[in-house]
Number of protein chains: 2
Amino acid sequence: MNDKAMETLWVDRFPGLSRLEPRTKQLLVQRSSIITMPTASVIFGPGKSPENMLFLLEGTVRVQQVSETGHEIVLYRINAGESCVLTTACLLAYDDYSAEGVAESEVQAAAVPRIVFDDLVAQSPSFRNFVFAAFSKRITDLFLVIDEVAFQRMDVRLAHKLIELSGSDDTIATTHQKLSVELGTAREVISRQLQEFQRRGWIEQSRGAVRIVERSKLENLADRD
Amino acid sequence: MNDKAMETLWVDRFPGLSRLEPRTKQLLVQRSSIITMPTASVIFGPGKSPENMLFLLEGTVRVQQVSETGHEIVLYRINAGESCVLTTACLLAYDDYSAEGVAESEVQAAAVPRIVFDDLVAQSPSFRNFVFAAFSKRITDLFLVIDEVAFQRMDVRLAHKLIELSGSDDTIATTHQKLSVELGTAREVISRQLQEFQRRGWIEQSRGAVRIVERSKLENLADRD
DNA sequence: GTCCATTGTGTGACTTTGTCACTGTGTGCC
DNA sequence: GGCACACAGTGACAAAGTCACACAATGGAC
């Protein structure tokens, strides 16, 4: 079957899953379903637990925290080839937490029911490895976020974020507001910092966009401890 | 045997483990060893991965992050009756992270080798439950820390911490320096905030100690979002 | 006891960051 | 054109972090 062949492929797109036992792969593929979600849809959030564990095939999911004070901050992203173990596990026990996952683009994912997930953890040593490695990655990321929020200067953090968001391109399509959520700060702070960067000739600004002019200068600032 | 009886007991001290299958309990008890560590000993840290997974029987472990900038912040505590799954899992994959665990008192713990841990996860559904619940708790705690560091005012956070550290007693044996590490801020900031609390008659200060005079006022401030 | 190092705390000047209350200014829609 | 609406700029001020100190309490060493 063609469908079958297509489905088998998704497991191999995951670096951590490609080395699973054939039997485990088969189980994953057979008992999962491919789903698609439009841009900006809320994958999970307060009062909206995901029934399944997701393996992202295409697109990215932004996980952010909405504080009681009304402030927001981006915690991490789930990219294609990654899974949302952390979120799943969290929701198993505590659903009163305030993080939410939003699709940043159209998202394609393999949905694995909890029971299957549990089965896999029990059966497959390499799946256990995958799960715990994914946990580790997320948690060390969270440690990093705490460190940055608590101790890093805004200019350093903003430079870092601009580099991160730019990728290979030099123009970033974003607003000051969105950048402020990325860093958990106020819009005005971003506006001022970007102005300073612009004054130094490192960037150029236009409505809804930032263009990096002197990438090396930004990288230099971002690399400061 | 008396030893046997003693050992069997420790599993039942864990709310999450007491409902394990008898067979699983037995495995846990048989394949673990009770260890003791003195106050202020570093249980794990950069370049010092724990070989075993620990179940705390007595005492508390403080997990804190040491930033490249030299700053420190307390991330969470592991109390008697809790395990350090998170830390263990982290260290499985990434050992270049900067968190460390320090015994805050003499610590007694049951050490479970990794292989046994893996076995248990495979064999026992209720042990899996326990592990993922422990993960959830830690991670939601970390989300809370991020929220506080990013968005809460210092006075609110300090009031909260004073209440937390005081327990049932009214006198807290700590220094401004230690409090600043708790909240990931500077010693001077703590000194000034405590002075303000003292000026309002909410606390009294002496060298190495803070005495709560008007607990309700502190609680009131701490409960503010 | 005195001397002395260590640790804990107080303080002022200054910078950075966050908050508040605004004013403009593009953009698309009716 | 008029009108929302999202986006960006600004000044005044408050809160928090940084730096460079001074000074006090404590606990040995002698």
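About the criteria used
- Residues numbered from 1 in each chain as written.
- Chains lettered and ligands numbered in written order.
- Predicted model: local features only at pLDDT ≥ 70, side-chain atom pairs only at ≥ 80, totals over all residues.
- Heavy atoms only, no water.
- Near = heavy atom within 4 Å.
- Polar contact = N/O pair within 3.5 Å; in protein donor to acceptor, adjacent residues only side chain to side chain.
- Helix = DSSP H or I, 4+ residues; strand = E, 2+ residues; numbered from the N terminus.
- Nonpolar A, V, L, I, M, F, W, Y, C, P; charged D, E, K, R; others polar.
- Pairing = 2+ DSSP bridges.
- Contact = heavy atoms within 4.5 Å.
- Axes fitted to C-alpha atoms, helices over the stretch in contact; angles between N-to-C directions.
- Least-squares fit on C-alpha atoms with pLDDT ≥ 70 in both.
- Domains from an automatic or database assignment.
- Buried area = accessible area lost by both parts, 1.4 Å probe.
- Salt bridge = Lys/Arg side-chain N within 4 Å of Asp/Glu carboxyl O.

### Quick word on the protein's contact with DNA strand C
Move 1: As a structural note, the neighbourhood of DNA strand C is formed by 18 residues, with Met154(A), Thr185(A), His176(B), Arg187(B) and Arg207(B) the closest of them.
Move 2: Taken together, the sugar and phosphate atoms account for 48% of what DNA strand C places within 4 Å of the protein.
Move 3: Measuring from a phosphate oxygen of DNA strand C, one finds a side-chain N or O atom of Gln193(A) at 3.1 Å.
Move 4: Contacts to DNA strand C include His176(B), whose backbone N or O atom sits 2.8 Å from a phosphate oxygen.

### Describing the protein's contact with DNA strand D
Move 1: Close to DNA strand D lie 18 residues, the nearest being His176(A), Arg187(A), Met154(B), Thr185(B) and Arg192(B).
Move 2: A breakdown of the atoms of DNA strand D within 4 Å of the protein gives sugar and phosphate a share of 56%.
Move 3: Between Gly208(A) and DNA strand D, the recorded distance is 2.9 Å, taken from a backbone N or O atom to a phosphate oxygen.
Move 4: Between DNA strand D and Glu188(B), the relevant distance is 2.9 Å, taken from a base nitrogen to a side-chain nitrogen or oxygen of the residue.
Move 5: Only helix H8 (187–199) of chain A together with helix H8 (187–199) of chain B provide two or more residues apiece to the surface near DNA strand D.
Move 6: Taken together, the residues that form the surface near DNA strand D break down as 2 nonpolar, 8 polar and 8 charged.

### Description of the sheet that holds strand E8 (residues 171–172) of chain A
All names here are of chain A.
Move 1: An order of E8-E10-E9 is seen for the 3 strands of this open sheet, with the pairing classed as antiparallel. Two strands bound the open sheet, and with one partner strand each, they are E8 and strand E9 (203–206).
Move 2: Across 4 bridges, E9 lies against strand E10 (residues 209–212) in antiparallel orientation. Bridging from a neighbouring strand, Gln 205 pairs with Val 210 of E10.
Move 3: The sheet contacts of H8 involve E9 and E10, and relative to E9 the element is tilted by about 125°.

### Observations regarding the relation of the copies chain A and chain B
Move 1: If you rotate chain A by 180° and push it 0.0 Å along the axis, it lands on chain B with an RMSD of 0.0 Å. In short, the pair behaves as if placed about a two-fold rotation axis. Looking at the rotation axis and the C-alpha trace of chain A, the residue lying nearest is Ala122(A), at 2.0 Å.
Move 2: A share of 100% of the interface residues of chain A reappears at the interface of chain B, consistent with the copies meeting face to face through the same patch.

### A closer look at the domain arrangement of chain A
Residues and elements named next belong to chain A.
Move 1: Domain parsing of chain A yields domain 1 (2–149) and domain 2 (152–222).
Move 2: Between domain 1 and domain 2, the contact holds 9 residues from the first and 8 residues from the second.
Move 3: Across the interface of domain 1 and domain 2, roughly 690 Å² is buried in total on both sides, 45% from carbon and sulfur atoms.
Move 4: Across the pair Glu 182 and Arg 77 runs a salt bridge whose closest N-O atoms are separated by 2.5 Å.
Move 5: Along the contact surface separating domain 1 from domain 2 lie 3 residue pairs in polar contact (both at pLDDT 80 or more).
Move 6: Among the elements of the structure, strand E4 (61–66), strand E5 (72–78) and helix H5 (125–151) are those that each provide at least two residues to the side of domain 1 that touches domain 2.
Move 7: Here the side of domain 1 that touches domain 2 gets 4 residues from one element, more than from any other, and that element is E5.
Move 8: Taken together, the residues of the side of domain 1 that touches domain 2 sort by class into 3 nonpolar, 1 polar and 5 charged.

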